[in-house]
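Notes for the structure review
Single-letter residue listing:
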Amino acid sequence: TQSTWGQHLKMKSSSWVCVSLCLCACLSLAHAGADSSHFLPKPKRVAIYGGSFDPVTAAHLQVAAEVINSKSADEVWMVPCGMRRDKETQVSPEQRLIMLNLAVETTFTADFPIKINEEEVRNHEALTTYELLRRLQHKNPELEFWFVLGADLVPSLPTWTQGKELLEIGRFIVNPRPGYTLRPDQYPARSVSLEANGFKPTVTQLSSTEIRNRFKTDPSSIEGLIPVPVQNYMKRYGLYQAVITRSAPVTVSTVPVTVSASDSLVTTVTGKSKEAVETVSEVSSKPASKSVLIEPEEEDQIEEE
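Residues numbered from 1 in each chain as written. Predicted model: local features only at pLDDT ≥ 70, side-chain atom pairs only at ≥ 80, totals over all residues. Heavy atoms only, no water.

Observations concerning the nonpolar core
Residues Val 76, Met 78, Ile 114 and Met 234 are the most contacted members of the largest nonpolar core, which totals 42 residues. For this core, the secondary structure elements donating two or more residues are strand S1 (44-51), helix H2 (58-69), strand S2 (75-80), helix H3 (93-107), strand S3 (114-117), strand S4 (143-150), helix H7 (208-217) and helix H8 (228-237). Leu 149, Leu 157, Trp 160 and Leu 182 belong to the second largest nonpolar core, which has 22 residues in total. (Core = buried A, V, L, I, M, F, W, Y, C linked by side-chain atoms within 4.5 Å. Buried < 20%, exposed > 50% of the residue type's maximum accessible area, 1.4 Å probe, protein only. Helix = DSSP H or I, 4+ residues; strand = E, 2+ residues; numbered from the N terminus.)

Structural notes on the pattern of salt bridges
Summed over all chains, the structure comprises nine salt bridges. Note that Lys 115 and Glu 75 form a salt bridge whose closest N and O atoms lie 3.2 Å from each other. With a gap of 40 residues between them, Lys 115 in strand S3 and Glu 75 in strand S2 connect regions that are remote in the sequence. The same class applies to Lys 115 as to Glu 75, namely buried. Of the charged contacts, one joins Glu 118 and Arg 122 as a salt bridge, the two residues approaching to 2.7 Å between their closest N and O atoms. Connected through shared salt-bridge partners, Lys 44, Glu 75 and Lys 115 make up one network. (Salt bridge = Lys/Arg side-chain N within 4 Å of Asp/Glu carboxyl O.)

Comments concerning helix H5 (residues 129-139)
For H5, the complete set of buried residues consists of Thr 129, Tyr 130, Leu 132, Leu 133 and Leu 136. Buried residues along H5 cover an arc of 165° about the axis, so they all sit on one side. Among the structural elements, S1, S2, S3, helix H4 (119-123), S4 and helix H6 (163-169) are those in contact with the buried residues of H5. (Arc of directions from axis to C-beta. Contact = heavy atoms within 4.5 Å.)

Description of the confidence of the model for the chain
For the chain, the average pLDDT comes to 77, and 66% of its residues sit at 70 or higher. Within the chain, the lowest mean pLDDT, 42, falls on strand S7 (residues 266-267), and the highest, 98, falls on S3. (pLDDT = per-residue confidence, 0-100.)

Here's the deal with the environment of Arg 214
By the element assignment, Arg 214 lies in helix H7. When its relative accessible area of 32% is taken as the criterion, Arg 214 is described as partly exposed. With 26 residues separating them in the primary sequence, Arg 214 and Tyr 240 have C-alpha atoms 9.7 Å apart. Contacts of Arg 214, omitting those with residues within four sequence positions, involve Pro 219, Ser 221, Ile 222 and Leu 225. Reaching out from Arg 214, the side chain makes a polar contact with the side chain of Glu 210 at a distance of 2.9 Å. (Polar contact = N/O pair within 3.5 Å; in protein donor to acceptor, adjacent residues only side chain to side chain.)

Quick notes on the packing of aromatic side chains
Between two aromatic rings, the relevant description is the distance of the centres plus the angle of the planes. Enumeration over the complete set of coordinates arrives at four aromatic pairs. Taking the centre distance of 5.5 Å and the plane angle of 65° together, the rings of Trp 77 and Phe 145 count as edge-to-face. Of this pair, Trp 77 sits in strand S2 while Phe 145 sits in strand S4, and the two are 68 residues apart along the sequence. On the basis of relative accessibility, which here comes to 3%, the residue Phe 145 falls in the buried class. (Phe/Tyr/Trp six-rings, centres within 6.5 Å; stacked < 30°, edge-to-face > 60°.)

With respect to the pairing of S2
Counted residue by residue, S2 has six buried out of six residues, so it is predominantly covered. Here S2 shows two buried faces, one formed by Glu 75, Trp 77 and Val 79 and the other by Val 76, Met 78 and Pro 80. Sheet analysis places S1 next to S2, joined by six bridges and oriented parallel. Each bridged residue has a counterpart across the sheet, and for Ile 48 the counterpart in S2 is Trp 77. Handedness of the β-α-β unit built from S2, H3 and S3 comes out right-handed. (Pairing = 2+ DSSP bridges. Right-handed = clockwise from strand over helix to strand, strands pointing away.)

Some words on H7
Of the positions making up H7, those classed as buried are Ser 208, Thr 209, Ile 211, Arg 212 and Phe 215. Viewed end-on, H7 has its buried residues packed into an arc of 160°, placing them on one side of the element.

What to know about the environment of Val 67
Topologically, Val 67 is positioned in helix H2. A sequence separation of 81 residues divides Val 67 from Val 148, and the C-alpha atoms of the two residues are 8.5 Å apart.

A short note on the packing of H3 against H8
Running from amino to carboxyl end, H3 crosses H8 at an angle of 150°, the nearest separation of the two axes being 8 Å. By the angle between their directions, the pair H3 and H8 is classed as roughly antiparallel. Between H3, through Gln 95, Ile 98, Met 99, Leu 102, Ala 103 and Thr 106, and H8, the contact on the second element is made entirely by Pro 229, Val 230, Tyr 233 and Met 234. In terms of residue class, the contact of H3 with H8 is made up of eight nonpolar, two polar and no charged. (Axes fitted to C-alpha atoms, helices over the stretch in contact; angles between N-to-C directions. Parallel < 35°, antiparallel > 145°, perpendicular 65-115°, else oblique. Nonpolar A, V, L, I, M, F, W, Y, C, P; charged D, E, K, R; others polar.)

Written out as C-alpha cells, the structure is:
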C-alpha cells in the first residue's frame, strides 16, 4: 500500500510539472507575440522629392543627396510633376524627365539610392501631394513614404489643396532654407529635419528660375550650376531661349525597376533613356537654333503638385 501511494504521488507531481511547463511555454509565446514588432524588419523609408525640375539644378541634386547622407531615408524618388494646374512649366513633362534622367545618371554613382518615379509624367497631369502619396502608398504598401519640402513651405501646408488630409496622413522631411527658421510648434506632427542629430546639410539659394534667366541672357553663366549633359541638352534644343526652331523629343523610353509587386515605374540611376543616351554622346557638337517665344516662369519653388 505504501508503495502504491508513493507511485500515486510521483505521478501527480509529474503531471503538475507538465502543466507548469505548458503554462510557461504559453506565457512565453504570448509575450513574444505582444512584442513581435521588435523582431519585424522596419519598412524601407522612401523620400518623395517632387518638383517641376524646370530645369533640374545642382541644388535639386544636392537636396536629394543630403536626404540620403543624413540617413533621413533609405531611398529618394525624384518625381517630376505633370502638367501644372496652377501655372505653366517652360517645357514639356517628357523633356523635363529626360533632363532629370541625364542629371541623375551622370551625377551619382550606380549604387547611390536616388531614383526617378514617373507617376505624374505618365498621368499627364500634376497630382496634389496628397493624391500622389496616397497613390504611391496603395501601389507599394510595404514601403513607408516621406515627403521632402522646404522649411519656407511648412507654414502654408494647411492652405494646400487637400492640405488638411495631407497633414493627417503625411510624413515630412524638412529641408532648411536660407532665411527661414521654424519654431518647434510649426513642424508637422510627423516630421524630421535634415538638421536632426547634428547633421549639417548644405544649403543653397539656387533655383530653376535663376538658371532660366541666366541661360536666356548669357548661357555661359550657368556653368557648374547644372550638370553638363543637361546644359548641353538645353543648348541642343534651344530650351529656355527666346526663340527655338528644333523640336526636342517628347517621348522617353526608360528601364522600369520592380520595387514591389505593384506596377509603379521607377527609373534607376543606370536605367538610361534612349534620348538621354543619344544626347550625352551627340549634344556637345550640335549648336542651338532659335524660333518660338518662351516666357519665363515667375516662381520655381513647387508648393503642391
